[in-house]
Amino acid sequence: MKKQGSRRYHKIISRRVFVLQAIAAASAAALAQTGCSSPQTLDPASDNNIQTIYATCSPDCQHHVLKGTVQNGRLIAVESAPQNESKPCARGYARIELCSSKKRLGYPLLRTGKKGSGEFKTISWEEAFDLIEAKLRHALNTKGPQSVLSITGSGNFCSLTSENPMAVLMGWLGGGTRVSGNICCGAVEAALTPMLGKRFLPARNHIARADYLLIWGNNPAVTMSGYFSYYYKALENGATLCTIDPYYSETAAVSQEWLQPWPGSDSALALAMLRVIIEEGLVNKEFLLEHTTAAQLVDTVTGLPLANDASDCLCYDTKTQTMVPLDSIASSAVALSTEGTILQNSAKTVYDLIVEQAWKWDLESAQKETGIPGSDIKRVALAYARASCAMIIENMGGFTRSEWGTYAVATQVYLALFTGHIGHAGEGIYDAGGAAGLCGAGKAYQTNPQAATQESIPLSRFGEWICADRPVPLEIAWISAANIASQYPNSNSVKRALEHIPFVVTVEQFMTSTALWSDLVLPCTAVFETPNIATANRSALIQLNEAGVTPPGEAKSDLQIVGEVARRMGITGVFDRPFEEYVRRVLEPTPLAYEELALKKAVNMWDYYPDYIPYENGIFYTGNTRAKLWVQKWLDEGYWPIARHVRPTESIHNAPDAYPLAAVQRKTRHSVNSTFCSLTTMQALDGTQPPVIINTLDASQRSIEQGDHVVVFNERGEHHGIAHVTDLVKQGVVILEDGWDNPAGASASHVTNNAWPTLGNVHTCNSTLVEVRKTGD
């Protein structure tokens, strides 16, 4: 449907206004934390104690460079560093409050009551390390290193933290257990990597060059707010933006097109679009033959690829009418389809198999499955295919966190490859990408090559596996930069697992839900309080993090904490190296010298690769440089190797009477996952209770009105919030916000689906069925 600009649930504000509001809120919050009643000013008598330091805003976000002003160890101002492509968002400026917050943890806390009760006592670091050493030695001596689980998350993407130093240590102690799966982009990894050879290749600099942008299931106006100016530039250049989202998001509000699919129907939508493209003769056959394995032959009897003794990928040579290796002849002689050839009864090409999947989705069938009018599907398909330069912006969209998200990603890859909209300026599939995608990044820590590889615990079944002592009974869980009791799906099962593990250590800055369910909570330092280096997949900048702010109490860095545990366990030479050595190790694959980074603090790697184009000229990072359309890895895992549409187990189409609504999560502007959610700064922007966004008709049927206290529930748990009633969400769908952390039940993860196994071990939070009722709160 065309977007209706006058029908808005939320107020769309400009980025400038949003940032100004954030600065004002941050200033007010900082004053409140320090007890000041008037604006803070520099103390002239202490001018010689003023310094400027640089750091990364390091959660799973945009990784802006922050320029901090520090006086007497206190952060008094945050500015955007000149190296940034744009100004930081509200969360960056909120670092002032985060560093000074009275809610910060400053001393080790030992549980004295039941897990989850919040009953702790303060102990010394010596006592904490003595306890850790005793528990660790007991675990190693009685159950082995596999009885120690180490988890890290997306709270800090800087190398010295994100590399999970405790897991590195356990490697040197024989090899511990880890969690497998990805809470945000498992489907993207499972599709793009085997099909295109690599992911995380930055395409952000091409957005403004596109004339058609298909923004699929994500909301870059919020999640990529720092770079949303590229979208505005594209609009100024005459581009069309089409947002695919069941909710009228901030991005949909500035788009010319807005399609509202049922959650979990994205692969049907993509295949229907592909059918339109094929029917209208818009397939770029030359690109498919030159740059993909679309012509690969598959035996119709065995269902397996045909191959010679050398295991070459075979195709049909139309001139000799024989099967030959795909790369042995000119593409002009290769048959894209076996239809009409002597092989039509014994073999099909991969192209044929994909066309079969697309042909299941005529416009009428697609309309029934997706809830989108067939005429809208056709119009968008034709506009995308006929565009001079088109991009699909998936950026870990919500559809990737559905039961069959891997197939959904793959069908979007089909669209790009069948039209040739990839490998050229202004085209491609924008996943996420930054410095690591441009030039790579080394590892800060030296790992043990002899460490044993243990069976991992699937993230989605964290609670069930641990409570069943799978794969082994655990003695210790070590959690850092992660709030799993709030963010892992089916949170109640996660809490049961934390209760089941004899000794849980959480390294944290605040008393999170996970910390509440821990035996020992260790206070850690924050950005501006500890040195680090960032070269990740969210920013093209490689950044040096400097320390100058005095951390609260006796808080230590992850490196300091694990380093002391390592020393006590007799491991030296890994966590006790000079900081410069760690930085040099990370920079080793890059063209950037340590001396330049130390001088400039942050260096934009676009300066080294100004003309970079992902998969340029259709050259992919596979063994034969072709995009692989037959994915053997999927078949090896027991899944069909050609992407198709499979309806989720929890789908609006088969919803039981008890749970008739489809729930999906959306990212917010006030937090990154649960990071920042406890700050007064962020609460001043969006309140202290999560919204439950519900369609007007759905609300009326449940006697729910705007502002009512409501509970979202299913057999997994409950999520409490405030009703926001609007017609800007698809009827039958409720929108829950990710990132709220409250032990009383505010996290939406209390109700989210944790289906497993899934293709790509994906997080299935957006394949969730619920009911909503008004409460008396």
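Residues numbered from 1 in each chain as written. Predicted model: local features only at pLDDT ≥ 70, side-chain atom pairs only at ≥ 80, totals over all residues. Heavy atoms only, no water.

## Considering the overall build of the protein chain
Then, number 1: A tally of regular secondary structure across the protein chain gives 26 helices and 29 strands.
Then, number 2: When its C-alpha atoms are laid out on the principal axes, the protein chain stretches across 85 × 60 × 55 Å.
Then, number 3: Counting only residues that meet the buried cut, the protein chain has 62% of its 777 residues in that class.
Then, number 4: In the protein chain, 75% of the contacts between residues at least 6 apart in sequence involve partners at least 24 apart.
Then, number 5: A total accessible area of about 28,100 Å² is found for the protein chain, and carbon and sulfur atoms account for 49% of it.
Then, number 6: Charge centroids of the protein chain, computed over 65 positive and 76 negative side chains, lie 3 Å from each other. (Helix = DSSP H or I, 4+ residues; strand = E, 2+ residues; numbered from the N terminus. Buried < 20%, exposed > 50% of the residue type's maximum accessible area, 1.4 Å probe, protein only. Contact = heavy atoms within 4.5 Å. Areas by Shrake-Rupley, 256 points an atom, 1.4 Å probe, with all protein chains shown as cover. Lys, Arg positive; Asp, Glu negative; His and termini not counted. Charge placed at Lys NZ, Arg CZ, Asp CG, Glu CD.)

## A few points about the side chain of Ser159
Then, number 1: Here Ser159 shows up in helix 5 (residues 159-162).
Then, number 2: Residues contacting Ser159, with those up to four places away along its chain left out, are Ala444, Tyr445, Asn532, Ile533, Thr535 and Val586.

## Topic: the sheet that holds strand 23 (residues 602-604)
Then, number 1: Read across the open sheet, the 3 strands follow the order 21-22-23; overall the sheet is antiparallel. With one partner strand each, in any of the chains shown, strand 21 (532-534) and strand 23 form the two edges of the open sheet. Strand-to-strand, the axes of this sheet are offset by a mean angle of 5 degrees, without reference to chain direction.
Then, number 2: Pairing between strand 22 (residues 541-545) and strand 23: 3 bridges, direction antiparallel. Within strand 23, the residue paired with Gln543 across the bridge is Ala602. (Pairing = 2+ DSSP bridges. Axes fitted to C-alpha atoms, helices over the stretch in contact; angles between N-to-C directions.)

## Some remarks on the pattern of salt bridges
Then, number 1: Per the counting criterion, the structure on display carries 34 salt bridges.
Then, number 2: As a salt-bridge pair, Arg137 and Glu133 come within 3.1 Å of each other at their nearest N and O atoms. Taken as a pair, Arg137 and Glu133 lie in helix 4 (residues 125-142) at a separation of 4 residues, close to a single helical turn.
Then, number 3: Of the charged contacts in the structure, one is a salt bridge between Lys667 and Asp738, with a shortest N-O distance of 3.3 Å. Here the residue Lys667 occupies a position in the loop between strand 24 (661-666) and helix 25 (680-686), and Asp738 occupies one in the loop between strand 28 (733-737) and strand 29 (768-774), the gap between them amounting to 71 residues.
Then, number 4: On the basis of relative accessibility, which here comes to 31%, the residue Lys667 falls in the partly exposed class.
Then, number 5: Through salt bridges with shared partners, a single network forms among Glu126, Asp130, Glu133, Arg137, Glu564, Arg567 and Arg568. (Salt bridge = Lys/Arg side-chain N within 4 Å of Asp/Glu carboxyl O.)

## Section: the packing of helix 10 (residues 266-279) against helix 12 (residues 350-358)
Then, number 1: One can describe the packing of helix 10 onto helix 12 by two numbers: an axis separation of 8 Å at closest approach and a directional angle of 115 degrees. By the criterion of interaxial angle, the relationship of helix 10 to helix 12 is roughly perpendicular. Between helix 10 and helix 12 lies a crossing whose hand is left-handed. Residue-level inspection shows Leu271, Leu274, Arg275 and Ile278 of helix 10 in contact with helix 12, the latter providing Tyr351, Ile354, Val355, Gln357 and Ala358.
Then, number 2: Per-class residue counts for the contact of helix 10 with helix 12 are 7 nonpolar, 1 polar and 1 charged. (Parallel < 35°, antiparallel > 145°, perpendicular 65-115°, else oblique. Left-handed = near helix turned anticlockwise from the far one by under 90°. Nonpolar A, V, L, I, M, F, W, Y, C, P; charged D, E, K, R; others polar.)

## A closer look at the pairing of strand 28
Then, number 1: Counting buried positions along strand 28 gives 5 out of 5 residues, so the element sits mostly inside the fold.
Then, number 2: Where burial is concerned, the two faces of strand 28 agree: the one with Val733, Ile735 and Glu737 and the one with Val734 and Leu736 are both buried.
Then, number 3: Direction of pairing for strand 24 relative to strand 28: parallel, over a ladder of 5 bridges. Looking at strand 28, one finds that Arg666 is bridged to Glu737.

## Examining the pairing of strand 22
Then, number 1: Summarising burial for strand 22: 5 of the 5 residues are buried, a large majority.
Then, number 2: Because side chains alternate across strand 22, one face comprises the buried residues Leu541, Gln543 and Asn545, and the other comprises Ile542 and Leu544, equally buried.
Then, number 3: Sheet topology note: the strand 21/strand 22 ladder contains 3 bridges and is antiparallel. Bridging from a neighbouring strand, Ile533 pairs with Leu544 of strand 22.

## What to know about helix 21 (residues 558-568)
Then, number 1: Burial analysis of helix 21 places 8 of its 11 residues in the buried class, which makes it a mostly covered element.
Then, number 2: Listing the buried residues of helix 21 in full gives Asp558, Leu559, Ile561, Val562, Gly563, Val565, Ala566 and Arg568.
Then, number 3: Taken from the residues just after helix 21, Gly570 is the one with a positive phi, measuring 85 degrees.

## Re the confidence of the model for the protein chain
Then, number 1: Across the protein chain, the average pLDDT comes to 90, with 93% of residues at 70 or higher.
Then, number 2: Confidence drops under pLDDT 50 across residues 2-40; counting only partners more than four residues distant or on other chains, this segment forms 74 contacts. (pLDDT = per-residue confidence, 0-100.)

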